[in-house]
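Take a look at the letters that make up each chain.
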Amino acid sequence: MKIIYSEKAAEYNIPGHPEAPFRVLKTKEFLKKTGVKFVVPNKAKEKDILLAHTEELLNLVKSENFFDADTPSFKDVYENALLSAGSAIDASDYAMKNEFAFSLMRPPGHHAGRNSLGGFCYFNNIAVAVKHLISQSPNCPIAILDIDVHHGNGTQDIFLGDEQVLFVSLHQVPLYPGTGQSSEKNCFNFPLSPGTDETSYLKTLDTAIEKIIKFSPKVVGISAGFDTYEGDPLANLQLKKNSYKKIAKKISEIKAGKFAVLEGGYSRDLPELIGNFLEGIEQ
Ligand SMILES: [Zn+2]
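Residues numbered from 1 in each chain as written. Predicted model: local features only at pLDDT ≥ 70, side-chain atom pairs only at ≥ 80, totals over all residues. Heavy atoms only, no water.

Considerations on the coordination of the zinc ion
Coordination of the zinc ion by the protein comes from Asp148 (OD), Asp148 (OD), His150 (ND1) and Asp227 (OD), over a distance range of 1.9 to 2.7 Å. Around the zinc ion sit four donor atoms, and with donor-metal-donor angles ranging over 53 to 153° the site reads as irregular. Here the donor residues of the zinc ion are spaced in sequence according to D-x1-H-x76-D. Placement of aspartate 148 in the loop between β4 (142-146) and α6 (153-159) and of aspartate 227 in the loop between β7 (219-224) and α8 (243-251) is noted, with a sequence separation of 79 residues between them. Residue classification places aspartate 148 among the buried positions, given a relative accessible area of 1%. (Donors = N, O, S within 2.8 Å, 3.2 Å for Na, K, Ca; no water. Tetrahedral: all angles 85-135°; square planar, octahedral: opposite > 155°, others 65-115°. Helix = DSSP H or I, 4+ residues; strand = E, 2+ residues; numbered from the N terminus. Buried < 20%, exposed > 50% of the residue type's maximum accessible area, 1.4 Å probe, protein only.)

Have a look at this one:
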């Protein structure tokens, strides 16, 4: 197992924003104590970003001159977004070699669509990584499991109708971004009511995982959000600290290379949640 992390991910701060440096900084400190191996990510190249996004979006982020209340521009936003996307690519390369890797980076990505940023996301890290894998292995089926509490609308936007990719998302409805209420083509959505507890969540996850197993993917990319936690300030599901170990154990039942990319999770307990998730991963 590898944790992919750069100090740069903790260097930018948007005052008052929940997507804050402590998320990766405290998690790195927490995981260091467990003796897990860290590696430094490579920065994504423009051509990698263009596998999933339009030139227009790339140039917009590069300009560092745009306005979105949730997803503001900041100094070096482009460099940070490239590094986070590159880290996801590196994680996917480990998965291809059957070694689990976790990209512990920010900004997150799953709300960024082909031509849109939003929801704290500039480039869609997991989509860039999956497109990268497809460009290397054109016939290789790949699944994306999105366990962030918000629907991965950006990922769905990028892969809707792409038969090589299966997108499966469990998320709270109603909640931002308001999409994902039903399934469409290759995108399977499992909306969950506010207040959903661990028992009910894990049951739904079983159904979602069955879908993935039927698809027989060579690689599974996990959009790993931890805002399903009962203590998360941005949503209303009721998962416990230990739920993440159980989730990871279930994911481990899928016989495929696996990698995970950090999405949301805004509670101060995030390091522990990620630690529990990684503990549950069986290789
Ligand atoms: Zn989220």
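Concerning the packing of helix α7 (residues 198-215) against α8
The interhelical angle for the contact between α7 and α8, taken along N-to-C directions, is 15°, at an axis separation of 10 Å. Overall, the two elements α7 and α8 adopt an arrangement that is roughly parallel. Judged by the sense of rotation from one axis to the other, the crossing of α7 with α8 is right-handed. Contact residues: α7 offers Glu198, Tyr201, Leu202, Leu205, Asp206 and Ile209, while α8 offers Ser243, Lys246, Ile247, Lys250 and Ile251. (Axes fitted to C-alpha atoms, helices over the stretch in contact; angles between N-to-C directions. Parallel < 35°, antiparallel > 145°, perpendicular 65-115°, else oblique. Left-handed = near helix turned anticlockwise from the far one by under 90°. Contact = heavy atoms within 4.5 Å.)

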